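Spelled out from the first residue to the last, the chains are:
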Amino acid sequence: MAAASSSDSDGGRAESSEANSKWLDAHYDPMANIHTFSSCLALADLHGDGEYKLVVGDLGPGGQQPLLKVLKGPTVLRENPLPALPAAAACFLMEQHEPRTPAIALASGPCVYVYKNLRPYFKFSLPQLPPNPLEQDLWNQAKEDRIDHLTLKEMLEGIREKAEVPLSVQSLRFLQLELSEMEAFVNQHKSKAIKRQTVITTMSTLKKNLADEDAVSCLVLGTENKELLVLDPEAFTILAKMSLPSVPAFLEVSGQFDVEFRLTAACRNGNIYILRRDSKHPKYCIELSAQPVGLVRVHKILVVGSTQESLHGFTHKGKKLWTVQMPAAILTMNLLEQRSRGLQAVMAGLANGEVRIYRDKALLNIIRAPDAVTSLCFGRYGREDNTLIMTTRGGGLIIKILKRTAVFVEGTGEMGPPQAQAMKLNVPRKTRLYVDQTLREREAGTAMHRTFQTDLYLLRLRAARAYVQALESSLSPMSTTAREPLKLHAVVQGLGPTFKLTLHLQNTSTARPVLGLQVCFLYNEALYALPRAFFKVPLLVPGLSYPLETFVESLSTKGISDMIKVLVLREGQSIPLLSAHINMPVSEGLAAA
């Protein structure tokens, strides 16, 4: 009966938590074998039948066998192998012709693979970069057998360390080989032309000329060559090229290409750069104190996650608005947009298995997953408008549906920073005295600094002298000698006229006991009386605190108190090992009488 009642209570608790949750558990498969990131997830109506599919750029287990997967509900509808690891996935409309079905763009290596109707349609390759002239000359010499493979290896290593133009993939592969394999590699590749190819690091979509949901979109690519490229959706030619000071890792896009647009790139140097239309270089720069791990645009606010376990909010001009500290490291971020209620919020997947949803710095909801979430995607899936799709570190797939009655209220989760933290201080106006003092500091700044340094050195000298004097006279409650490592602590209890004085004496050594110690009290005999002013201390075992108790009787009837000195001595030595000064309280018993 007891077991049955406990199981009933557990079931009732689970039902109540399910009823209080804003999410319905639609599907959970811990063995789905999906390894991906948020940038490689996209939702789209691929067949124009009103049922949205999930497009996944799957890295494969251990980064092996990358695949393009299309999921319908919890099942895999189609799989296509990829030649390299995917960097990003997006769904976009290429043309206005009917039927208006979106295409799939998958960035992988130096190419963008475009699929229509789940079939390969077009392959765009990044333009090749000019090779290093020194590297080209070395391979020409190797082709003419003027240098051997060992000399080629030494020269290429020197170029890799000093040259600004990086080496080609062929040279980098050659430097990774063992000495026994280098000669065969040179003979096989020395007649081939040197090619230097960059790769795609991030990708997004930008509306061409209309802001409608079903408008034609351009692809925006971030490359390892520190560039942003905007591609034409029909001819796949480069419409615009912009330079960055570092390699982009995350990309956010807003606006229309033919009207006005803004590109925001979080780069590997820890900075965020903002570019606008007709600008070849960044217009604004946001310097972060740590590396970014995610970038999401919520209305007009840029939300950035950093490796310092925190979320930061910035304006489009780089002004910092707020900061929220996370309880664990941020693994992934994405946007949650509930269009029926006009809600936009940011989702952050943490290393402790939580998914936190924030609107600005207010916490709206916490979802706890069975494993750390590595990718997030929110939108219409199947025929449900508000579906949350999550993949875990172990390859699991979690699908949750937001209840139609769910309303996100600020403060339903853990509270963030207090509201007073965001209030502006009422800074007083500058007075005439303040202005005069500022001018004086500018004119006599050097002399004031020297005076301050002199006083600081004198203060440090006096503190050092007082410390040495305290050590020499044993005025400290802790012994500094290695032979008798002792610690003394005194407690006075009572209202008076009789007080209880307890001395806690401790041997702080690790293995050696202390024997032959004595305790002596020095006090004004006209004010206080002690039954024993001198007694011996028993053997002190290391690590234990010994309470030594005695009573102190106050003799004064005028409410006067004084100090009692406690000395810890060793037999045969006149200098105390340590001492303590006890400020006795006023006897309240005599005052009341």
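Just so you know, these numbers come straight off a predicted model, no measurement behind them. (Residues numbered from 1 in each chain as written. Predicted model: local features only at pLDDT ≥ 70, side-chain atom pairs only at ≥ 80, totals over all residues. Heavy atoms only, no water.)

Caption draft 1: Looking closely at the packing of helix 2 (residues 133-143) against helix 3 (residues 149-162). In contact at an axis separation of 10 Å, helix 2 and helix 3 are set at 175° when each is read in the N-to-C sense. Viewed along their axes, helix 2 and helix 3 adopt a mutual orientation that is roughly antiparallel. Seen from helix 2, the contacting residues are L134, E135, L138, W139 and A142; seen from helix 3, they are L152, M155, L156 and I159. In terms of residue class, the contact of helix 2 with helix 3 is made up of 8 nonpolar, no polar and 1 charged. (Axes fitted to C-alpha atoms, helices over the stretch in contact; angles between N-to-C directions. Helix = DSSP H or I, 4+ residues; strand = E, 2+ residues; numbered from the N terminus. Parallel < 35°, antiparallel > 145°, perpendicular 65-115°, else oblique. Contact = heavy atoms within 4.5 Å. Nonpolar A, V, L, I, M, F, W, Y, C, P; charged D, E, K, R; others polar.)

Caption draft 2: Molecular detail of the packing of aromatic side chains. One pass over the full model with this rule turns up 5 aromatic pairs. Measuring from ring centre to ring centre gives 5.6 Å for F257 and F261, while their planes differ by 15°; the resulting arrangement is stacked. For F261, a relative accessible area of 3% translates into the label buried. Consider the rings of F521 and F535, whose centres lie 6.0 Å apart with planes at 40°: the pair is tilted. Remark: F535 occurs in strand 33 (residues 534-537) and F521 occurs in strand 31 (residues 517-522); sequence separation between them is 14 residues. (Phe/Tyr/Trp six-rings, centres within 6.5 Å; stacked < 30°, edge-to-face > 60°. Buried < 20%, exposed > 50% of the residue type's maximum accessible area, 1.4 Å probe, protein only.)

Caption draft 3: Geometry of the sheet that holds strand 28 (residues 397-402). Judged by pairing direction, the sheet is antiparallel, and its 4 strands sit side by side in the order 1-28-27-26 without closing on themselves. Looking at the sheet topology across the chains shown, the edges are occupied by strand 1 (23-29) and strand 26 (373-381). For this sheet the average axis-to-axis angle between neighbouring strands, irrespective of direction, equals 20°. Both strand 26 and strand 27 (residues 384-392) contribute to a ladder of 7 bridges, which runs antiparallel. Paired with F378 across the bridge in strand 27 is L388. (Pairing = 2+ DSSP bridges.)

Caption draft 4: Expanded view of the sheet that holds strand 18 (residues 292-298). Read from one edge to the other, the open sheet built from 4 strands follows the order 18-19-20-21, with strand pairing classed as antiparallel. Single-partner strands in this sheet number two, and they are strand 18 and strand 21 (320-325). Strand-to-strand twist of the sheet, defined as the mean angle between neighbouring strand axes without regard to direction, takes the value 20°. Where strand 20 (residues 310-314) meets strand 21, 5 bridges bridge the pair, whose relative direction is antiparallel. Directly across from S310, in strand 21, lies its bridge partner Q325.

Caption draft 5: The arrangement of the pattern of salt bridges in detail. Overall, the coordinates contain 16 salt bridges when judged by the stated rule. Between K69 and D58 there is a salt bridge; the shortest N-O distance is 2.8 Å. Of this pair, K69 sits in strand 4 (residues 67-72) while D58 sits in strand 3 (residues 53-58), and the two are 11 residues apart along the sequence. Neither K69 nor D58 differs from the other in exposure class; each is buried. Put simply, E213, E337 and R339 are held in one network by salt bridges that share partners. (Salt bridge = Lys/Arg side-chain N within 4 Å of Asp/Glu carboxyl O.)

Geometric values such as these leave the question of function open.
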